[in-house]
Amino acid sequence: MEAIPFWVFAVIILIFLSGYMAFRAMLAERKLDQQFIEREGKIYLERIQEARKKREASKQQESN
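So, here's what we can say about the structure. Residue numbers here run from 1 along each chain, matching the order of that chain's written sequence. With the structure being a predicted model, the display of local features is reserved for residues of pLDDT at least 70 and the display and counting of side-chain atom pairs for 80 or more, all residues being used for whole-chain, interface and lining totals. Neither water nor hydrogens contribute to the side-chain values; these are computed over all heavy atoms in the structure.

## With respect to the overall build of the chain
Which entries qualify depends on this criterion: Counting from the N terminus, the helices are the DSSP runs of H or I reaching at least four residues and the strands are the DSSP runs of E reaching at least two. As a reference, a globule follows 2.2 Å times the number of residues to the power 0.38, and the radius of gyration itself is taken over C-alpha atoms. The buried label applies to any residue whose accessible area, calculated with a 1.4 Å probe on protein chains only, is under 20% of its type's maximum; exposed applies above 50%, and partly exposed to all values in between. Here the accessible surface of atoms and residues is derived via Shrake-Rupley with a 1.4 Å probe, and residues count as covered only by protein chains that are part of the display. Charge assignment in this entry is limited to Lys and Arg as positive and Asp and Glu as negative, and neither His nor the chain termini are counted. Charged groups are reduced to one reference atom each: NZ for lysine, CZ for arginine, CG for aspartic acid, CD for glutamic acid.
Per the secondary structure count, the chain includes one helix and zero strands. Expected size for 64 residues packed as a compact globule is a radius of gyration near 11 Å; at 28 Å, the chain overshoots this value by more than 25%. Relative to its 64 residues, the chain shows a buried fraction of 0%. Total accessible area on the chain stands at roughly 6,500 Å², and carbon and sulfur atoms take up 62% of it. Here the chain contributes 11 positively and 9 negatively charged side chains, and the mean placements of these two sets differ by 6 Å.

Here it is, written out as structure tokens:
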């Protein structure tokens, strides 16, 4: 252990720290992607519901 310079330990610690930070960034990115997908999915479902309502309204007007 005495023959290994201090900077080698520092580099090893920084490599692990870098890996940890990359992992955290990956998790944060995945969370943001999931929130975006959920938001866009809600917008899409709202559009579908509005289209259904319009179709139902037009069918009721045609039958009257």
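We are not done yet, so read on.
## Overview of a nonpolar patch on the surface
Defined as follows: The residues that make up patches have over 30% relative accessible area and no salt bridge, and they are joined within 9 Å when like-charged or within 5 Å when they are Val, Leu, Ile, Met, Phe, Trp or Tyr. For this document, the term salt bridge refers to a Lys or Arg side-chain nitrogen within 4 Å of an Asp or Glu carboxyl oxygen.
On the surface, a nonpolar cluster with roughly 410 Å² of combined accessible area is contributed by Leu14, Leu17, Tyr20 and Met21. Within the secondary structure, Met21 sits in helix H1 (residues 6-63).

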